[in-house]
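What follows is the residue order along each chain.
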Amino acid sequence: MAKDEKSQILLPKSLLITERELGMDASSIAADMRRHFNHTLGCDKHSISAHHVYEALVIALRDRLMERWKSTHYSYQDKQCKRTQYLSLEFLMGRSLGNTLLNLDIQGEVEKAVSALGLQLEDVMKEERDAGLGNGGLGRLAACFVDSCATMQLPVMGHCIRYDYGIFKQRIEQGEQVEQPDHWLACGNPWELERTEFQQRIRFRGRVERVDEGQGFQMRWVDTDDVLAVPYDIPIPGYRNGTVNTLRVWKAVAVEEFDLTQFNAGNYAEAVAGRMHAENISKVLYPNDASESGKELRLRQQYFLSSAALQDVMRRWLRDNKGGDFSRFADKNCFQLNDTHPAVAIAELMRLLMDEHGMEWDVAWEITTHCMAYTNHTLLPEALERWPVRIFGELMPRILDIIFEINARFLSEIASHWPGDTERQARMSIIEEGGEPQVRMAHLAIVGSFSVNGVAALHTKLLKEGLFKDFYELWPRKFNNKTNGVTPRRFLALSNPGLSELITETLGTGWETDLTKLKDLRSKSEDGAFLRRWREVKRHNKERLAAMVEQDCGVKCDPDALFDVQVKRIHEYKRQLLNALHVIHLYDRLKRGDTADWTPRCVLIGGKAAPGYWLAKRIIKFINNVAEVINKDPAVGDLLKVAFLPNYRVSAMEIIGPGTDLSSQISTAGKEASGTGNMKFMMNGAVTIGTLDGANVEILEEVGEENFFLFGLTEAEVTTTRKNYDPERIIREDEDLSRVMQLLDSAHFNQFEPGFFDAIIGSMRNPGDPWMTLADFRGFVDAQQRAAQAFRDQDRWTKMSIVNTACCAHFSSDRTIADYNRDIWKLTPVASETPC
Ligand code: 26W
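In this text the structure is predicted, and so the values were computed from the model without any measurement.

**Student:** What's the story with the site of the ligand in this structure? I'm lost.
**Tutor:** Neighbouring the ligand are 23 residues, the closest being Leu138, His377, Asn484, Glu672 and Gly675. The separation between an oxygen atom of the ligand and a polar side-chain atom of Tyr573 is 3.2 Å. Ala673 has a polar backbone atom sitting 3.3 Å from an oxygen atom of the ligand. Protein coverage of the free-state accessible area of the ligand, which is 570 Å², stands at 96%. Residue contributions to the shell around the ligand peak at three residues, all from helix H6 (residues 137-151).

Printed below as a string of structure tokens:
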């Protein structure tokens, strides 16, 4: 018999289910769906909502996951194994239904069950909303990582905030981005399980008291405004292995007590308003990508998540280690910080160990610095987080004290390492002095972690040589590279069923968890019949994509044209503008009749702009205007189509990736930390046109120059060229570029919106343009010409496509996670107790 800790009620064993009881066959699933539809959800003959059908199916599946979830939990518990907590302010999960069916291997049975009830599974699947708890690459990486961890049976738990509003929905009106709130929880989330019994109390504001407790001073954080963190668990099933891990998302809830002074003074509304303030913490995801916002609410979110996750681990630790022995804590726990967003966890762990568990500084520091690990995701200075010391001190005074102490001890280490080098001290300090002193979160993260990693080989090298050079000189062994990856389950097996089937037919199964098997596809690239099959699959996927483009943009694309795609957040460094210039150049060629050996092409561009990033939003308008002019010009016809895909998101990528021929990865060298879209495209047999940036470098290495359209300045060339960068000269000396700029100057794409694109044109003409867009124009146009020519030889193109898929093993997130585990986490895989 087990005891409920709080109520002391005895749980009779007969209440617990220990064996798997739920059938995985169509008739059991159909029966459960009906039961949930009628009883759990209370639907009746007047129900007309397809959403209820979806919900009934999810609950039936969740029940089946639950059995595996428990047995995974028991296995981890029995082994008392080391665990990792992946702390991330973003988890861009997308939809879960398809992934669950795939991983539980019940697609066929569920299809039967649903059609036995007179419905189409495809229609039911469309009812699911994307869980958009992230902006872009960083958030989606977290989602791919938890998929890989579950598949590799590693005891890793994700922690995130349960935002009521995810990344905004993007609509395009008159060519402009219009943001709409994404209230994704409006109809509830049937996957999640509320765990109020594990709620934690998070403190804010108040003041710090020094109390003498006889054997020395203790710090006490008092008079605080508390908020409750309530966890909701989302199951993360591994691929056909019986493991189900957990993504724990935390919701902010006001503490039970009212503000009594307000309440007693008759200010009922003010008392309730205080609750609203607390609950705002988990209201909305910040939609900024690659620029920090400096907003107080954001810092409250960061501390809320960090503290909730740490206290949750502490609770389990104290339960399993009676007497509170922390000597093995760091052997049993690792915290991976997804960028600096949760870096305040370093100071919070110190606080918990010292203030709540009576530890001395040195002992607490030893533990902390042996379980924290930090991943950096960007080199852009504007994305590096800094918080005003003042805000920090107001919100978390005790945490600020601890950061000051960490810094004081760190600076004395610097002073003894480099005596007299005060400049270096100022450079490396966690506190940036000046008018408004700031906490540099990256410095805190490096000082408090035993591991610091970049996300692609080039990125890590640049971190060591540039941004973190001082730290690398001090602690070279902390630094390591972990090239990103993406999950082949969602982005190949699930989203590209045609190609998956062809691969399985050719190589057998097993590639889903071991992409090195795909290298055998290479030998098939001389087999004519195989080439034809490969082409048919791609053609089918292009039809699917074309249907989406027609539906969402009203633009008709010929599936035989070259599908040239760039989807990602809109940012100057990603150079959607360079793409637009090329499109305009093609249009100019068509208009002057230069159509010999023309390759018909559909250029698709999509992505969200941060709502406060004015120029990025203007770029969207620019692309839409260019598309409008080109698409309605009868002289262009089917030779060139351009479309801006609205509301780019995970579920859209599942259609876009498989239907792409040419993947544009054209950032200014040295700016894109890794990129992960590049990997999803490659996996699906798209050929990359790209610069030597981020993980493109490694993609090129894997596929070879003949299967990649390389162009542009290298990072080193960017740095040297910058000194005397002269865009006007480049325009003058390039006939094609001059003509493109003339079209822009003559307001060809903004005839009724005078001056609308001046800022865009000005940014490219500026000798100080940090992204040096015009420097790469010629290289890009030439590379595009090579791509167009290659595409005309369909056999040649198909071979390139096959080689890309065949060489993608390095870009599976399974490989990435294996690297994290080997070098940083050192976890032992644990099989789920009851095999499935
Ligand atoms: C504080 C505001 C903020 C929010 C997000 C600053 C910075 C970010 C991230 C760094 C944005 C991001 O998603 N970075 C991307 O991370 C991917 C996963 O590692 C990389 O593949 C991309 O190159 C990188 O831009």
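**Student:** What should I look at first to understand the packing of helix H22 (residues 576-591) against helix H23 (residues 614-631) in this one?
**Tutor:** Between two packed helices, both the angle of their axes relative to each other and the distance between the axes serve to describe the pair. Contact geometry for H22 and H23: axes closest at 11 Å, N-to-C directions at 15°. Put simply, H22 runs roughly parallel to H23. In the crossing of H22 with H23, the sense of the turn from one axis to the other is left-handed. For the pair formed by H22 and H23, the contact residues are Gln576, Leu577, Ala580, Val583, Ile584 and Tyr587 on the first element and Ile619, Phe622, Ile623, Val626, Val629 and Ile630 on the second. Considered class by class, the residues forming the contact of H22 with H23 number eleven nonpolar, one polar and no charged.

**Student:** What's the story with the pattern of salt bridges in this structure? I'm lost.
**Tutor:** A side chain with one charge can pair with a side chain of the opposite charge if their charged atoms come near. Summed over all chains, the structure comprises 75 salt bridges. Between Arg201 and Asp226 there is a salt bridge, with its nearest N and O atoms 2.7 Å apart. Of this pair, Arg201 sits in strand E10 (residues 200-204) while Asp226 sits in strand E13 (residues 225-237), and the two are 25 residues apart along the sequence. Given a relative accessible area of 17%, Asp226 falls into the buried group. For Arg248, the salt bridge is made with Asp233, and the minimal N-O distance between the two is 2.7 Å. Here Arg248 is found in strand E14 (residues 244-254), whereas its partner Asp233 is found in strand E13, with 15 residues between them in sequence. Under the relative-accessibility criterion, Asp233 is labelled buried at 2%. Put simply, Asp588, Arg589, Arg592, Asp594, Asp734, Asp736, Arg739, Arg778 and Asp782 are held in one network by salt bridges that share partners.

**Student:** Could you clarify how one ought to interpret unusual backbone geometry in this entry?
**Tutor:** When glycine is set aside, most residues are seen to have a negative phi, and most peptide bonds are trans. Phi at Asp223 takes a positive value of approximately 55°, unusual for a residue other than glycine. Since its relative accessible area comes to 54%, Asp223 is described here as exposed. Unusually for a residue other than glycine, Lys826 sits at a positive phi of about 55°. Mapped onto the elements, Lys826 comes out in the segment after helix H33 (813-825). Accessibility expressed as a relative area gives 54% for Lys826, which makes it exposed.

Parameters and conventions
- Residues numbered from 1 in each chain as written.
- Predicted model: local features only at pLDDT ≥ 70, side-chain atom pairs only at ≥ 80, totals over all residues.
- Heavy atoms only, no water.
- Near = heavy atom within 4 Å.
- Polar contact = N/O pair within 3.5 Å; in protein donor to acceptor, adjacent residues only side chain to side chain.
- Areas by Shrake-Rupley, 256 points an atom, 1.4 Å probe, with all protein chains shown as cover.
- Helix = DSSP H or I, 4+ residues; strand = E, 2+ residues; numbered from the N terminus.
- Axes fitted to C-alpha atoms, helices over the stretch in contact; angles between N-to-C directions.
- Parallel < 35°, antiparallel > 145°, perpendicular 65-115°, else oblique.
- Left-handed = near helix turned anticlockwise from the far one by under 90°.
- Contact = heavy atoms within 4.5 Å.
- Nonpolar A, V, L, I, M, F, W, Y, C, P; charged D, E, K, R; others polar.
- Salt bridge = Lys/Arg side-chain N within 4 Å of Asp/Glu carboxyl O.
- Buried < 20%, exposed > 50% of the residue type's maximum accessible area, 1.4 Å probe, protein only.

So yeah, pure geometry; function would need other evidence.
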